[in-house]
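Below, each chain spelled out in residue letters.
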Amino acid sequence: MKNIVILGATGSIGTQSLEVIEANRGFRAFALSAHSNIAVLETQIRKFRPQFACVTNEEKAAELKIKTADIGTKILAGTAGLEEIAAHPEADTVITGIVGIAGLAPTLAAVEAKKRIGLANKETLVTAGDMVMERAGQTGAEIIPVDSEHSAVFQCLAARVNRDNFDSEVKRILLTASGGPFFGKTKDELTQITAKEALRHPNWSMGAKITVDSATLMNKGLEVIEAKHLFGVPFEKIDVFVHRQSIVHSMVEFADNAVIAQLGAPDMKLPIQYAITYPERLSMHGNEPDLTKTPLTFDKPDFETFRCLPLAISAGKTGGTMPAVLNGANEAAVALFLNGKIRFLDIADLVEGAMCAHKTMKRPSLSQIFEADKWAREYVCAKLHTLH
Ligand code: NDP
Ligand code: MG
């Protein structure tokens, strides 16, 4: 029986992880976390009876403790509670389904405790990729991607035999992007976009933040940085293609020009389950890909209209604290956009402004990364009154 910890159990990745657990006899929900949605967490606790549940909002944690007093689940609170469940000696696999840089500290705790990590929280690698990958190499923690593109690349690379010749054998990583709801639109057409329109993703059903990131293409930019750290390749070896059908989840091109791709339905349950069972594969029902959705098309992204993508690549190339600034400014700007406080195109302007105003610190410590994140959020708030 595998003990699974789900950080962010009430979110899109979290609830799909629970569906994977429910469908497999060999997996058990060992610990679950939420930030404030205790109504959904209580339902999950009653159904899955985990050993632990953690609510990062301390008041809500106290409320949940009273509501679930009749159940044996131990209720923890705050970020300390998150770190406790992520590093628990009885935990086998930790799925990181928390959104934003809030996922960094518990992921690091799981790395220190040498866990297998099903990594969905890409912001961890965007903000602190060097540190997290270095520590994982030292502790022996396994980081298996859950992000569908990276799971696809991971699956394509698993077909290789000789790991020593990685640099010469792997020519390029080709990340696919759906293009989001505004593919093909001009900048003029994007000026009046509302949050409701941005939240209407054509192929995937996800949390609000990543859905907006998909519409701005920031998501693909974050994924380029994520791929760089996960697979240890330079940015020059990572390309992005817009693939509207979301059937090819990503590809790897090898030295002899062979391109290996992973295809599947747009369903996160496959990469979640694979992160738990790797190197084995278990059967899965109901997510057969519709290969009649052909032709499969691949286009170059529009870097000029969707500026978040080149901004992210540039932040990644700069390194140090710059990706944390990009990420922090983006998290703050997306929250403002979702609250109707700024316009769609302001997101890229604010992120770019923060990046220009930031003096990069090389090889930052964890606290310097959190400082850079905080600085970027404050920058965005301070700039708010200068817009429009
Ligand atoms: P959701 O918004 O659906 O869920 C976020 C989860 O994180 C919720 O459980 C939420 O709790 C919790 N949470 C929010 N803020 C905090 C915080 N400050 N501290 C602790 N927990 C918090 O997000 P998604 O599931 O869509 O995305 C999660 C991560 O996975 C993101 O990093 C995203 O980029 C990545 N990802 C998601 C994919 C998807 O298909 N959804 C695909 C690939 C990657 P509560 O409900 O209580 O607020
Ligand atoms: Mg993805």
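Residues numbered from 1 in each chain as written. Chains lettered and ligands numbered in written order. Predicted model: local features only at pLDDT ≥ 70, side-chain atom pairs only at ≥ 80, totals over all residues. Heavy atoms only, no water.

1. Side note on helix H2 (residues 38–48)
Within the sequence span of H2, burial applies to Ile38, Leu41, Glu42, Gln44, Ile45 and Phe48. Along H2, the residues classed as buried sweep out an arc of 165 degrees about the axis, all on the same side. Looking at H2, the residues exposed on the side facing more than 90 degrees away from the buried face are Ala39, Thr43 and Lys47. Buried residues along H2 sit against helix H1 (12–23), strand E2 (27–34), strand E3 (52–55), helix H3 (58–67) and strand E4 (74–77). Backbone geometry just downstream of H2 places Arg49 in the positive-phi region, at approximately 45 degrees. (Buried < 20%, exposed > 50% of the residue type's maximum accessible area, 1.4 Å probe, protein only. Helix = DSSP H or I, 4+ residues; strand = E, 2+ residues; numbered from the N terminus. Arc of directions from axis to C-beta. Contact = heavy atoms within 4.5 Å.)

2. Quick notes on the nonpolar core
In this structure, Phe231, Leu326 and Phe337 are the most contacted members of the largest nonpolar core, which totals 120 residues. Excluding its chain neighbours within four sequence positions, the residues that come into contact with Leu326 are Met218, Leu222, Ile225, Leu311, Ala312, Ala315, Val351 and Met355. (Core = buried A, V, L, I, M, F, W, Y, C linked by side-chain atoms within 4.5 Å.)

3. Concerning the pairing of strand E10 (residues 248–254)
Among the 7 residues of E10, 7 are classified as buried, and the element is accordingly described as predominantly covered. For strand E8 (residues 170–177) and E10, the ladder comprises 5 bridges, and the chain directions are antiparallel. Looking across to E10, one finds that Val170 is bridged to Phe254. For E10 and strand E11 (residues 259–263), the ladder comprises 5 bridges, and the chain directions are antiparallel. Each residue of the ladder has a partner; that of Met251, found in E11, is Ala261. (Pairing = 2+ DSSP bridges.)

4. A short note on the coordination of the magnesium ion (ligand 2)
Taken together, the protein ligands of the magnesium ion (ligand 2) are Asp147 (OD), Glu149 (OE) and Glu223 (OE), with distances of 2.1 to 2.2 Å. The sequence pattern describing where the donors of the magnesium ion (ligand 2) fall on their chain is D-x1-E-x73-E. What makes Asp147 buried here is its relative accessible area of 7%. The exposure class of Glu149 is buried, given its relative accessible area of 8%. (Donors = N, O, S within 2.8 Å, 3.2 Å for Na, K, Ca; no water.)

5. Some details on the site of ligand 1
In the vicinity of ligand 1 there are 24 residues, among which Thr10, Ser36, Asn37, Glu123 and Gly207 approach most closely. Between an oxygen atom of ligand 1 and a side-chain N or O atom of Thr10, the distance comes to 2.6 Å. Ser12 has a polar backbone atom sitting 2.9 Å from an oxygen atom of ligand 1. Relative to its unbound accessible area of 890 Å², ligand 1 is 84% covered by the protein chains. Secondary-structure elements contributing two or more residues to the shell around ligand 1 are H1 and helix H6 (122–139). For the shell around ligand 1, the per-class residue count stands at 10 nonpolar, 11 polar and 3 charged. (Near = heavy atom within 4 Å. Polar contact = N/O pair within 3.5 Å; in protein donor to acceptor, adjacent residues only side chain to side chain. Areas by Shrake-Rupley, 256 points an atom, 1.4 Å probe, with all protein chains shown as cover. Nonpolar A, V, L, I, M, F, W, Y, C, P; charged D, E, K, R; others polar.)

6. Things to note about unusual backbone geometry
Peptide bonds are trans in most cases, and residues, glycine excluded, mostly fall at negative phi. The omega angle of the peptide bond from Tyr278 to Pro279 is 5 degrees, so this bond is cis rather than trans. The backbone of Lys114 shows a phi angle near 60 degrees, a positive value even though the residue is not glycine. Mapped onto the elements, Lys114 comes out in the loop between helix H5 (104–112) and strand E6 (116–119).

7. Points about the UniProt feature "binding site: Mn(2+)" (unreviewed entry) in the protein chain
In this structure's numbering, the residues bearing the UniProt feature "binding site: Mn(2+)" (unreviewed entry) are Asp147, Glu149 and Glu223. A maximum C-alpha distance of 8.5 Å is found for the annotated residues, which run over 77 residues; spatially they form one tight group. One can find Asp147 in the loop between strand E7 (142–145) and helix H7 (148–157). Ignoring sequence-local partners within four residues, the contact set of Asp147 consists of Leu119, Lys122, Glu223, Glu226 and Met268. Here Glu149 shows up in helix H7. (UniProt positions renumbered as here; feature names shortened; annotations may be inferred.)

8. Description of the UniProt feature "domain: 1-deoxy-D-xylulose 5-phosphate reductoisomerase N-terminal" (unreviewed entry) in the protein chain
UniProt annotation of "domain: 1-deoxy-D-xylulose 5-phosphate reductoisomerase N-terminal" (unreviewed entry) refers to residues 4–129 when read in the numbering used here. Between the end C-alpha atoms of residues 4–129 the distance is 24 Å, and the span holds 47% helix and 22% strand.

9. Let's talk about the sheet that holds E2
As summarised here, the arrangement of the 7 strands in space is E4-E3-E2-E1-E5-E6-E7, forming an open sheet in which the pairing is parallel. The open sheet has two edge strands, E4 and E7, and neither has a second partner. The mean inter-strand angle of the sheet, taken between neighbouring strand axes irrespective of direction, is 20 degrees. Here H5 sits on the sheet and contacts strand E1 (2–7), strand E5 (93–96), E6 and E7; the angle it forms with E6, its principal contact strand, is near 150 degrees. (Axes fitted to C-alpha atoms, helices over the stretch in contact; angles between N-to-C directions.)

10. Digging into the environment of Ser33
Within the secondary structure, Ser33 sits in strand E2. With relative accessibility at 1%, the residue Ser33 sits in the buried group. Those residues within four positions of Ser33 in sequence are excluded, and the remaining contacts are Ile6, Leu7, Gly8, Ala9, Thr10, Leu41, Cys54, Leu82, Ile85 and Ile98. A distance of 2.8 Å separates a polar side-chain atom of Ser33 from the backbone nitrogen of Gly8.

11. Points about the confidence of the model for the protein chain
Considering every residue of the protein chain, the mean pLDDT works out to 96; 99% of them sit at 70 or more. For this predicted complex, the interface confidence comes out at an ipTM of 0.99, alongside a pTM of 0.98. (pLDDT = per-residue confidence, 0-100.)

12. Thoughts on the sheet that holds strand E9 (residues 238–242)
Read from one edge of the open sheet, 4 strands run E9-E8-E10-E11, paired in mixed fashion. Each of the sheet's edge strands pairs with one partner strand only, and the pair in question is E9 and E11. Neighbour to neighbour, the strand axes of the sheet diverge by 20 degrees on average, direction disregarded. Note: E8 against E9, 5 bridges, orientation parallel. Paired with Leu175 across the bridge in E9 is Val240. Those strands touched by H7 are E8, E10 and E11, and its axis lies near 40 degrees from that of E10.

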